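Structural description and commentary
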Amino acid sequence: MNNIQLVFLAILWIVIIFLSSISPVLLRSSYKFGVPLSSDQWKKTEISQIIRKSIFMNIIVGVVLALSTFIIQWFSPSHFYFSAITVPLFMTANIFIHIRAHVRIKRQIKSNMADQSATQMVAVDTKFRRELSLLRMWYPIPFIMIFLNVFFIAWYYNDIPNILPIHHDASGKVDRYGEKSVGMVFVFNLSQLFVTIIFIMVQEAIIRSKQNLNIKFPKISSEQNKVIRYKQGIFVNIISILLVISISFIQLSFIQVIDSMISEMVFFGAVLIAIVGAVMLSVKKQAMERKLESNIGKSEIVNSVHDEHWKGGIFYVNKEDPAIFVEQRSGNGFTINLGRPTGWFLLLLPFIFGFTLFLFARFV
Amino acid sequence: MIIRIDFKSETPIYLQLSNQIIENIANGNLKPGEEVPSIRSLAADLGINMHTVNKAYSLLKQKGLLTMHNSRGIVATGSHIAEDEKNMSSVKKALRPIIAESICYGFTNIQLKEIIDELYKDIKGGKVDE
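- Chain B appears in an unreviewed UniProt entry as GntR family transcriptional regulator from Parageobacillus thermoglucosidasius.

**Here's the deal with empty space enclosed by the protein**
Residue and element names in this part refer to chain A.
- Under the counting rule described, the total for this entry stands at four cavities of 30 Å³ or more.
- The space that makes up the second largest cavity amounts to roughly 70 Å³.
- If you go around the second largest cavity, the residues you meet are Trp 138, Tyr 139, Pro 142, Thr 196, Phe 199, Ile 200, Gln 203, Val 236, Asn 237, Ser 240 and Ile 241.
- Broken down by secondary-structure element, the contributors of at least two residues to the lining of the second largest cavity are helix H7 (182–208) and helix H8 (218–254).
- Residues of the lining of the second largest cavity, tallied by class, amount to seven nonpolar, four polar and no charged.

**What to know about the UniProt feature "domain: HTH gntR-type" (unreviewed entry) in chain B**
- This chain's UniProt record puts "domain: HTH gntR-type" (unreviewed entry) on residues 11–79 of chain B.
- Secondary structure across residues 11–79 of chain B divides into 52% helix and 12% strand, with the first and last C-alpha atoms of the span separated by 29 Å.

**As for the packing of H7 of chain A against helix H10 (residues 341–363) of chain A**
All names here are of chain A.
- Two elements in contact, H7 and H10, have axes separated by 8 Å at closest approach and are oriented at 170 degrees. Comparing their axes, H10 and H7 come out roughly antiparallel. Residues Val 182, Gly 183, Met 184, Phe 186, Val 187, Leu 190, Ser 191, Phe 194, Ile 197, Ile 198 and Met 201 of H7 form the contact with H10, whose own contacting residues are Leu 346, Leu 349, Pro 350, Phe 353, Thr 356, Leu 357, Phe 360 and Ala 361.
- Counted by class, the contact of H7 with H10 contains 16 nonpolar, three polar and no charged residues.

**Section: the interface of chain B and chain A**
- Taken together, the contacts link 21 residues of chain B with 27 residues of chain A.
- Taking both partners together, chain B and chain A bury about 2000 Å²; carbon and sulfur atoms supply 52% of that area.
- Between chain B and chain A we count two salt bridges in total.
- Of the charged contacts in the structure, one is a salt bridge between Glu 34 of chain B and Lys 127 of chain A, with a shortest N-O distance of 3.1 Å.
- Our count for the chain B to chain A interface comes out at 11 residue pairs in polar contact (both at pLDDT 80 or more).
- With six residues, helix H2 (residues 39–46) of chain B is the single largest residue contributor to the side of chain B that touches chain A.
- Here the side of chain B that touches chain A is composed, by residue class, of 12 nonpolar, three polar and six charged.
- As defined by bridge partners, strand S3 (residues 121–125) of chain A adjoins strand S1 (residues 2–6) of chain B across five bridges and the pair is classed as antiparallel.

Conventions and cut-offs
- Starting afresh in each chain, residues are numbered from 1 along the sequence in its written order.
- Naming scheme: in the order in which they are written, chains are lettered from A and ligands are numbered from 1.
- Confidence filtering applies because this is a predicted model: local features only for residues at pLDDT of at least 70, side-chain atom pairs given and counted only at 80 or more, and all residues used for totals across whole chains, interfaces and linings.
- Note that water and hydrogens are dropped before the side-chain values are worked out from all heavy atoms of the structure.
- Only protein atoms enter the 1 Å grid, on which a cavity is a set of points fitting a 1.4 Å probe that cannot get out and a pocket is an open set with protein on both sides within 12 Å along at least 5 of 7 lines, lining residues being those with an atom within 4 Å of a point.
- Grid points are joined across faces, edges and corners, and a volume is the space filled by probe spheres set on the points.
- Numbering of helices and strands runs from the N terminus, with a helix taken as a DSSP run of H or I at least four residues long and a strand as a DSSP run of E at least two residues long.
- Each residue is assigned to one class: nonpolar for Ala, Val, Leu, Ile, Met, Phe, Trp, Tyr, Cys and Pro, charged for Asp, Glu, Lys and Arg, and polar for all the others, Gly among them.
- UniProt positions are given in the numbering used here, feature names are shortened, and annotations may be inferred rather than shown by experiment.
- A fitted line through C-alpha atoms represents every axis, and for helices the fit uses only the stretch in contact; the resulting angles, taken between N-to-C directions, go from 0 to 180 degrees.
- Relative orientations are named as follows: roughly parallel for angles under 35 degrees, roughly antiparallel for angles over 145 degrees, roughly perpendicular for angles from 65 to 115 degrees, and oblique for any other angle.
- When checking whether two residues touch, look at their non-hydrogen atoms; a contact exists if any pair is within 4.5 Å.
- By buried area we mean how much accessible surface two parts lose on assembly, using a 1.4 Å probe and totalling the loss over both.
- Salt bridge, as used here, is a side-chain nitrogen of Lys or Arg placed within 4 Å of a carboxyl oxygen of Asp or Glu.
- Counted as a polar contact is a pair of N or O atoms within 3.5 Å, where, for protein atoms, one must be capable of donating a hydrogen and the other of accepting one, and residues adjacent in sequence contribute only when both atoms are in side chains.
- When DSSP locates at least two bridges between a pair of strands, those strands are taken to pair.

So this is what it looks like as structure tokens:
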């Protein structure tokens, strides 16, 4: 393992530990660890203590795991990325810490009994999706691109070399070759198709998920949510198109038309734009929420609607609710209603896609 | 149109829903011929069972305030005739126990009329009941 890779890994770990530590408390101002709280409540010593301890615990677990990963990686002769095991391990630990904090904060509130008064209301703007559904006009673009790509490659299929590199070692040298096959060449286009479908799913989540309007000022918060979601939607569309393009480049380098340096640069460029854009959008969302709060005054209403369906503050399980996508309570995104079979299916979809890609490249 | 549902209220959810749609028709927020959201999407937004929304919509269809439209789904009904016998009798029937209750509390005829005037103005002006 060389130094650049180590630095890259270190940055990755720092970012993961940092984000997972702050997201349960900072990203949604009215929830702490998925519990709806007013600022009076969470500033109470018992609750703020639980919050601080949990964040601290998360950081400790993260740092310990990160350090042990580095030590193992340093002394191990293999090229295996041990972070591929320890990062998911850390994510799991993070979920347990979250649930623990969630349960303890809830118990604390219950024992104080002060909040039988929490409201349970929902406000809905019936015209919320009128402009948002315009985002669907972007859908054909990646499909047209994929179609043109397939057409182009099929046209020149006979010119593609018969022996193709299929595996690289850690230093980037080709260590295995394979014979050209339809599956091997077009698996890239199938993966473009799957990526596009997954991004359409994300887009639908942005359009369809619950409005989460401020119950005191539904009109203002509806306007604001619409603006944020519209931006998120356009961003997701752009990223989806960029990924399709970069997979095309990877395919071109695979069939030896362009140098692999170029395709790598395009791919990392796309990933970089995705990360920077996501951070910028998140910051923007925070800023807008703060602005709304300062304009209409911080609302001290604790809204515990659907609380009983939020398991551990992370998982939404509601059989009655026909909604498939809901906004997260802890963090900055969407989650799936696990009370519905469609929800489970969507959760499994990436794995089904991955398996299909493997079979396609191997046997077609 | 903004719809607000209070899960802690004594009033059943389908009634809260239908009452608010009626008010929005009354104050012109929901114009005749304009569609209401589909049962599925409204239920998903509110996080409630689709049957509940369906119940509210059927109630309003029964009252003749909503109608099925072939291409646009469920829409607010076009025109009503106040002298329509059915409407008249349904309004009378709904008012009767309320007026009786008010008489028990000792409201006079004039006081009652004032209340009606005030509420009529509020509803027409789109003032939301908190």
